[in-house]
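# Observations on chain architecture
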Amino acid sequence: MIHATSCGGLVIFRGKILVLYKNYKNRYEGWVLPKGTVEPGEEFTETALREVREESGAKAVIKKYIDTSHYTFNVPEGVVEKEVHWYLMMANSYYSKPQWEEYFTDSGFYKYHEAYHLLKFVNERQILEKGYSEYLEMKKAGLWVPKKENI
C-alpha cells in the first residue's frame, strides 16, 4: 500500500464556494475542491494555501480546520491510501483562474446547492457540508471577517 497526504481548502467568498473542473485526457472528468500533495518540510496549512493558489489563482486565508478525509485508488504501482486535510478558507474576491498544467479547465464560485451537486466525490460533498456549516456558525457569531493584512 502506498500512503499519500494532501491538503486542500473549502474556499468561500460572499457565501459562494470555489470549485474546479478537471478534465484529464477525457478519462478523469469532474468538479472538485482544490487540494494537493504536501511537499517535504511543508506544514499542512502551507500546503493547503499553496495548492488553492496554484490550482485556482484564488488568494485566501485559513479561518478554521474542517476535517480529514480518507480514500483509496489504484495506480500501476499499487493501491494508494490517501489522507486529505481540509481547511475552511476565506477568499478576497471571486477571482479564479484554473491551472491548465494540472488539467483544470474551468473554475468558479457557486452557491452551496450548486457546488454540492457539481462535486464529483462523496467525501468532498461531506467536507462541503461540514465546512459550510462551520462557515454559517462563524458568520452568525461575527467571526467571518477579513483580515486585510493577511489577504
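Here the structure is shown first, and the text comes after it.
Attention in this report is confined to the structure presented alongside it. Since the structure is predicted, the reported quantities are computational estimates derived from the model, not experimental observations. (Residues numbered from 1 in each chain as written. Predicted model: local features only at pLDDT ≥ 70, side-chain atom pairs only at ≥ 80, totals over all residues. Heavy atoms only, no water.)

A few words now on the pairing of strand β3 (residues 28-32). Bridge count for strand β2 (residues 16-24) against β3 is five bridges, and the pairing is antiparallel. Residue pairing in the sheet places Lys 22 in a bridge with Gly 30 of β3. What sits between the antiparallel neighbours β2 and β3 is a turn of three residues, in which Lys 25 has the positive phi angle 50°. (Pairing = 2+ DSSP bridges. Helix = DSSP H or I, 4+ residues; strand = E, 2+ residues; numbered from the N terminus.)

A word on the nonpolar core. Formed by 22 residues in total, the largest nonpolar core has its most connected members in Leu 10, Ile 12, Ile 17, Leu 33, Leu 88 and Leu 128. Contributing elements (two or more residues each) for this core: β1 (2-13), β2, β5 (60-75), β6 (78-91), α2 (112-118) and α3 (122-140). Here the element with the most residues in this core is α3; it accounts for five residues. For Leu 128, the contacting residues outside a window of four places in its chain are Leu 10, Ile 17, Tyr 112, Ala 115, Tyr 116 and Leu 119. With twelve residues, the next largest nonpolar core counts Val 11, Leu 18, Ala 48 and Ala 60 among its residues. (Core = buried A, V, L, I, M, F, W, Y, C linked by side-chain atoms within 4.5 Å. Buried < 20%, exposed > 50% of the residue type's maximum accessible area, 1.4 Å probe, protein only. Contact = heavy atoms within 4.5 Å.)

Think of an α-helix as turning once every 3.6 residues; residues three or four places apart then point the same way. If you check α3, its first and last C-alpha atoms are 27 Å apart, about what 19 residues at 1.5 Å a residue would give, namely 27 Å. When we look at burial in α3, the residues that qualify are Asn 123, Glu 124, Arg 125, Ile 127, Leu 128, Gly 131, Tyr 132, Glu 134, Tyr 135 and Met 138. Among the residues trailing α3, Gly 142 stands out with phi positive, at a value near 75°. (Expected span 1.5 Å × (residues − 1).)

As a further point, take the packing of aromatic side chains. Overall, the coordinates contain eleven aromatic pairs when judged by the stated rule. On the numbers, 4.7 Å between centres and 90° between planes, the contact of Phe 13 with Tyr 94 is edge-to-face. Of this pair, Phe 13 sits in strand β1 while Tyr 94 sits in the loop between β6 and β7 (104-110), and the two are 81 residues apart along the sequence. Judged by relative accessible area, Phe 13 falls into the buried class, the value being 12%. Summarising the aromatic geometry, the rings of Tyr 132 and Tyr 135 are spaced 5.1 Å apart at their centres and angled 45° between planes, so their arrangement reads as tilted. One end of the pair is Tyr 132 and the other is Tyr 135, both in helix α3 and three residues apart, which spans about a single turn. Owing to a relative accessible area of 14%, Tyr 132 belongs among the buried residues under this scheme. By the ring-pair criterion, three or more aromatic residues cluster together here, those being Tyr 112, Tyr 116, Tyr 132, Tyr 135 and Trp 144. For Lys 63, the ring lying beneath its charged end belongs to Trp 144, and the centroid distance is 5.9 Å. Over the ring of Tyr 116 we find Arg 125; its NZ or CZ atom is 5.9 Å from the centre of that ring. (Phe/Tyr/Trp six-rings, centres within 6.5 Å; stacked < 30°, edge-to-face > 60°. Lys NZ or Arg CZ within 6 Å of the ring centre and 35° of its normal.)

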